[in-house]
Amino acid sequence: EIFGARLFVKTGAEGVYCAALPEQGLGIALKADDGETRASQAMLAGIVHRFLPMTDHERTEFDHKVNSKF
């Protein structure tokens with residue numbers, strides 16, 4: 001919602017997430033060993049925070065959404 005076509009995310013089975021950051025030419029696949037969705041969401045949020053350049057407005061919205069989830 002926040003980033004439009006700048007970020008694509010797909011959840012899979014038991015703690016699996018895949019994502020793409022097309023502007024950076026990056027694809028991401030991760031799995032939490034324990035199968036917890038919450039752990040994989042936190043890992044993906046950290047990766048997005050690190051690799052996706054954000055405007056101040058986007059960062060505020062992203063941080064709010066992440067903080068309300070965890």
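Conventions we followed
- Residues numbered from 1 in each chain as written.
- Predicted model: local features only at pLDDT ≥ 70, side-chain atom pairs only at ≥ 80, totals over all residues.
- Heavy atoms only, no water.
- Core = buried A, V, L, I, M, F, W, Y, C linked by side-chain atoms within 4.5 Å.
- Buried < 20%, exposed > 50% of the residue type's maximum accessible area, 1.4 Å probe, protein only.
- Helix = DSSP H or I, 4+ residues; strand = E, 2+ residues; numbered from the N terminus.
- Contact = heavy atoms within 4.5 Å.
- Salt bridge = Lys/Arg side-chain N within 4 Å of Asp/Glu carboxyl O.
- Pairing = 2+ DSSP bridges.
- Phe/Tyr/Trp six-rings, centres within 6.5 Å; stacked < 30°, edge-to-face > 60°.

Caption draft 1: Here's a closer look at the nonpolar core. Residues Phe3, Leu7, Ile28, Leu44, Val48, Leu52 and Phe62 are the most contacted members of the largest nonpolar core, which totals 13 residues. Elements supplying a minimum of two residues to this core: β2 (16-21), β3 (26-31) and α1 (37-51). Each residue touching Val48, except ones within four places of it in the same chain, is listed here: Phe3, Leu7, Met54 and Phe62.

Caption draft 2: Up close: the pattern of salt bridges. For the structure shown, the criterion picks out three salt bridges. With a shortest N-O distance of 3.6 Å, Glu1 and Lys65 are connected by a salt bridge. With Glu1 in the segment before β1 (8-11) and Lys65 in helix α2 (residues 56-69), this residue pair connects regions lying 64 residues apart in the sequence. Taking relative accessible area as the criterion, Glu1 reaches 88% and is therefore assigned exposed. Of the charged contacts in the structure, one is a salt bridge between Arg6 and Glu58, with a shortest N-O distance of 2.8 Å. With Arg6 in the segment before β1 and Glu58 in helix α2, this pair connects stretches of sequence that are 52 residues apart. There is no split in this pair, since Arg6 and Glu58 are both buried. If you follow the salt bridges from partner to partner, you end up with Arg6, Glu23 and Glu58 in one network.

Caption draft 3: Main features of the pairing of β1. Here four bridges tie β1 to β2, and the two strands are oriented antiparallel to one another. Its bridge partner lying in β2, Thr11 is registered against Tyr17. Linking two consecutive strands that pair antiparallel, namely β1 and β2, is a turn of four residues; a positive phi of about 35 degrees is found at Glu14 within it.

Caption draft 4: Spatial organisation of the packing of aromatic side chains. Counted under the stated rule, the structure contains one aromatic pair. With a centroid separation of 5.8 Å and an interplanar angle of 55 degrees, the aromatic rings of Phe3 and Phe62 are classed as tilted. Of this pair, Phe3 sits in the segment before β1 while Phe62 sits in helix α2, and the two are 59 residues apart along the sequence. For the pair Phe3 and Phe62, one class covers both residues: buried.

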